[in-house]
Amino acid sequence: MNAVFAGRTNVQGEYQKKLDVLSNEMFVNALKASGKFSFMVFEKVDDTVVAREELRGKYSITFDPLYGSSNFDTSVNVTQK
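So, a few notes on the structure that sits alongside this text. In this text the structure is predicted, and so the values were computed from the model without any measurement.

1. Structural notes on the packing of aromatic side chains
We describe a pair of aromatic rings using the distance from one ring centre to the other and the angle between the two ring planes. For the structure on display, the rule yields three aromatic pairs. Between phenylalanine 27 and phenylalanine 63 the ring centres are 5.2 Å apart and the planes differ by 50°, which places this aromatic pair in the tilted class. With phenylalanine 27 in helix 1 (residues 18-34) and phenylalanine 63 in strand 5 (residues 59-63), the pair connects residues that are 36 residues apart, well separated along the chain. Note on phenylalanine 27: relative accessible area 39%, which makes it partly exposed. Look at phenylalanine 42 and phenylalanine 63: their rings are 4.7 Å apart centre to centre, the planes differ by 90°, and that puts the pair in the edge-to-face class. On the criterion of sequence distance, the pair formed by phenylalanine 42 in strand 3 (residues 37-42) and phenylalanine 63 in strand 5 is long-range, its members being 21 residues apart. The class for phenylalanine 63 is buried, based on a relative accessible area of 17%. Among the aromatic residues, ring-to-ring pairing joins Phe27, Phe42 and Phe63 into one connected group.

As structure tokens, this is what we get:
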């Protein structure tokens, strides 16, 4: 592994990058703390994230917190349309 990878794989068997792991953790923490979401599903995470009962809201959300991260180590501009 090098400085880019987090040293673990996701549910698709791909090596996770540190920036992917960090961005996912930041999104999860922010969404949980908002009190708006009960369930969160992420593209490359095996399990559904469930907010604590006292913080559960009425919404569920699915997303990829850092789309295009596979391009980071290639010095290619990353955009999302």
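2. Digging into the pattern of salt bridges
Under the defined criterion, the tally for this structure stands at one salt bridge. Residue arginine 52 pairs with glutamate 54 through a salt bridge whose shortest N-O separation is 2.7 Å. This pair shows no difference in class: arginine 52 is exposed, exactly as glutamate 54 is.

3. Regarding the side chain of serine 38
With respect to the element layout, serine 38 can be found in strand 3. Engagement of the side chain of serine 38 in a polar contact is seen with the backbone oxygen of glycine 57, the distance being 2.4 Å. Beyond its immediate stretch of four places on either side in the chain, serine 38 contacts Val49, Val50, Ala51, Arg56, Gly57 and Tyr59.

4. Regarding helix 1
Its 17 residues place the ends of helix 1 24 Å apart at the C-alpha level, agreeing with the 24 Å of an ideal helix rising 1.5 Å per residue. If you check which residues of helix 1 are buried, you get Val21, Ser23, Asn24, Val28 and Leu31. Seen from one end, helix 1 has its buried residues packed into an arc of 170°, which puts them on one side. Exposed residues pointing more than 90 degrees away from the buried face of helix 1 are listed as Met26 and Ala33. Following helix 1 by one or two positions, glycine 35 adopts a phi angle in the positive range, close to 75°.

Calculation rules
Residues numbered from 1 in each chain as written. Predicted model: local features only at pLDDT ≥ 70, side-chain atom pairs only at ≥ 80, totals over all residues. Heavy atoms only, no water. Phe/Tyr/Trp six-rings, centres within 6.5 Å; stacked < 30°, edge-to-face > 60°. Helix = DSSP H or I, 4+ residues; strand = E, 2+ residues; numbered from the N terminus. Buried < 20%, exposed > 50% of the residue type's maximum accessible area, 1.4 Å probe, protein only. Salt bridge = Lys/Arg side-chain N within 4 Å of Asp/Glu carboxyl O. Polar contact = N/O pair within 3.5 Å; in protein donor to acceptor, adjacent residues only side chain to side chain. Contact = heavy atoms within 4.5 Å. Expected span 1.5 Å × (residues − 1). Arc of directions from axis to C-beta.

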